[in-house]
Structure formats: C-alpha cells, structure tokens
Amino acid sequence: MDDERPARFESVYREAYGQITAYAARRCDSPQDAADVVAETFVVAWRRIDELPPGEEATPWLYGVARKVLANHRRGEVRRQARSVELDAEMADLYGDSPDSGIELSVIAQVFRTLSDDDRELLSLVAWEGLDREEIAAALDLSRNAVRIRLYRARRRFSHALTEAGVQLTSESRLVPAERSL
C-alpha cells in the first residue's frame, strides 16, 4: 500500500501539473508567486493523498486546493503590504517629517523598497521590531558578529541609496534635502 501512494501522487502530478501551473500563473503577480502556489498545492496533495479523488476527479480537487492556497497567498501579501506601510510610517517617525525639511516620505519608502530582502529584513528588525544585535542573531540563526557586520553594511547601503535619491543624513541623524546640506 505504501508503494501505491508515491506512484499515485506522481501520476496525478504529471497529469495536473501544467493545468495547475497555468491556473496559478494567470492569478499571480509574478512567476515566483505562481511557483510558490503550485508547490504548496502539491505539498497539500501529498499530505492528503488519501483524500485525493481517483482518476479525472483529482484535477478539479487540485484546483480547489490551489484556490485556497492562492487565497492564503493573497492574505499573506496583504499582511506583508500592511507591514510595509507600517514600517514606512515607522521610518518616517524615526527620520522626522518636519514641514521645512522638504523631504517626501515616499522617497524614503521607495528607497527602502529598493534594498535587498536581507537588508530590509535586518533594518526592519532593528527599526520596527526594536531588536538588538543579540536578538537578531537568535532570530536569524547567525552569530552576533555576523549580524553586526551585515547590519553595518545594510545601513551603509541604505544611506548611500538615500544620498543618491537626494536625501542625506546630518550629524544629528535627521534627513535633509541634499541641496540644503551643502
């Protein structure tokens, strides 16, 4: 019986993979998101192989699973975007939004989004979650020294990106337009 399960899964996978992939690709914003949805759909199918209907009924069942996985993916995306908005607001609070600064907060948010995922995660853990280096090291399963180095580099890249966008840090760690700092 155990030998039957992998063979059954492989058969369903071969038959339905293209259809499920096309379904996900038409509904996702990126190929990577579609690949994630397809992968998760087949993970669910493997876990629930005993519930998988026989024959041609398997594909519609997989569409139902893919629909639920896609819904979960979208909810996750909405949560991620909400966190990004919250982080943008936190960054604005950290760097101030005085009327005379002339800085568009959207520029800061835009520059932040151009950073790599790793840099954004590190800076978010510091600014948004308020974690120190030791806590970040535990969260990311890194050494404290690796966190120190990566955080230094992430801050430096963010600072350079802000400068390139026309925003510079003053000695008081406040943002000012580049032309005012001359």
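Our structure is the block above this text.
Keep in mind the model is a prediction, meaning the values are calculated, not measured. (Residues numbered from 1 in each chain as written. Predicted model: local features only at pLDDT ≥ 70, side-chain atom pairs only at ≥ 80, totals over all residues. Heavy atoms only, no water.)

Looking at the packing of aromatic side chains
One pair of aromatic rings is described through two measures. These are the centre distance and the angle between the planes. This model, assessed by the stated rule, comprises eight aromatic pairs. Measuring from ring centre to ring centre gives 5.7 Å for Phe112 and Phe158, while their planes differ by 80 degrees; the resulting arrangement is edge-to-face. Placement of the pair is Phe112 in helix α4 (residues 105-114) and Phe158 in helix α7 (residues 144-164), with a sequence separation of 46 residues. Taken as a pair, Phe112 and Phe158 share a single burial class, namely buried. (Phe/Tyr/Trp six-rings, centres within 6.5 Å; stacked < 30°, edge-to-face > 60°. Helix = DSSP H or I, 4+ residues; strand = E, 2+ residues; numbered from the N terminus. Buried < 20%, exposed > 50% of the residue type's maximum accessible area, 1.4 Å probe, protein only.)

Considerations on the nonpolar core
If you look at the biggest cluster of nonpolar residues, it comprises 22 residues, and the most contacted ones within it are Ile20, Val37, Phe42, Leu52, Trp61 and Leu62. When residues of this core are traced back to their parent elements, those giving at least two are α1 (4-27), α2 (31-47) and α3 (58-95). Residue contributions to this core peak at seven residues, all from α3. If we ignore the near neighbours within four places in the chain, the residues touching Ile20 are Val38, Thr41, Phe42, Thr59, Leu62, Tyr63 and Ala66. In this structure, Leu87, Val111, Ala161 and Val167 belong to the second largest nonpolar core, which totals 17 residues. (Core = buried A, V, L, I, M, F, W, Y, C linked by side-chain atoms within 4.5 Å. Contact = heavy atoms within 4.5 Å.)

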